[in-house]
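# Notes for the structure review
Take a look at the letters that make up each chain.
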Amino acid sequence: MKKLAIGNTASLSKKFSCSDVEQFAEMSGDKNPMHLNDKAAAQSVFKKRVVHGMLTASLISGVLGSVMPGEGTIYLEQDLQFCKPVYIGDLCTAKVNVAEVLNKEKGIYRLKTWVQNQNNEIVIDGFAVVRYC
């Protein structure tokens, strides 16, 4: 088991493709045309197709379950603020930083979480509470 300490940081990156968006639409049932249809998306406030917010946010889960804390992590809570759209072809990096030890005995931590695009703009901001023991 890795020891967690305030200030520990980890990240995971992914470039989102049309295929990623289409597969997520099938799995989630979210077939909103702004994700799947170029003409409909052109009429939206975004002017082109956008990646599902929850698909982008799932990178945070990837960090938590695979990088830090890693295997054995139990997600207890997640707060998300969607700050900017993510477009197909964007390279996003989810970052996690240990912010607070909520209960050392139970291994419960509050983590700062955010996702940045290739321009270092924050597209999602928030926090997670996890149990790791």
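Above this note sits the structure.
First, a word on scope: everything that follows refers to the structure included in this document. Within each chain, residue numbers correspond to sequence positions counted from 1 in written order. Only residues with pLDDT of at least 70 are given local features in this predicted model, and only at 80 or more are side-chain atom pairs given and counted; all residues enter the totals for whole chains, interfaces and linings. Excluding hydrogens and water, the side-chain figures rest on all heavy atoms present in the structure.

Glancing now at helix H1 (residues 18–28). By the burial criterion, the buried members of H1 are Asp-20, Val-21, Phe-24 and Ala-25. Projection of H1 onto a plane perpendicular to its axis shows the buried side chains occupying an angular sector of 135°, all on one side. Exposed side chains of H1 directed beyond 90 degrees from the buried face belong to Glu-26 and Met-27. Throughout, a residue-residue contact means that at least one pair of heavy atoms, one from each residue, lies within 4.5 Å. A run of H or I in DSSP counts as a helix once it spans at least four residues, and a run of E counts as a strand once it spans at least two, with each numbered from the N terminus. Where H1 is buried, its residues touch strand E1 (9–15), helix H2 (33–36) and helix H4 (53–66). The first or second residue beyond H1 is Gly-29, which carries a positive phi of 85°. Only protein chains enter the accessibility calculation, which uses a 1.4 Å probe; a residue is then buried when its area is under 20% of its type maximum, exposed when over 50%, and partly exposed in between. What the arc measures is the spread of directions leading from the helix axis to the C-beta atoms.

What follows concerns the packing of aromatic side chains. Only the six-membered ring of Trp is used, alongside the rings of Phe and Tyr, when aromatic pairs are assigned; centres must lie within 6.5 Å, and planes under 30 degrees apart are stacked while those over 60 apart are edge-to-face, with the rest tilted. Within the structure shown, the criterion is met by zero aromatic pairs. Put simply, a charge is over a ring when the Lys NZ or the Arg CZ is close to the ring centre, within 6 Å, and near the line of the ring normal, within 35 degrees. Here the basic side chain of Lys-48 rests over the ring of Tyr-87, its NZ or CZ set 4.6 Å away from the ring centre. Between the NZ or CZ atom of Arg-110 and the centre of the ring of Phe-127, over which it lies, the distance is 3.8 Å.

Pairs of strands are assigned from DSSP output, requiring at least two bridges between the strands. With seven bridges connecting them, E1 and strand E3 (residues 91–103) associate as antiparallel partners. Each residue of the ladder has a partner; that of Thr-9, found in E3, is Asn-97. Where E3 meets strand E4 (residues 108–116), nine bridges bridge the pair, whose relative direction is antiparallel. Looking at E4, one finds that Val-101 is bridged to Tyr-109.

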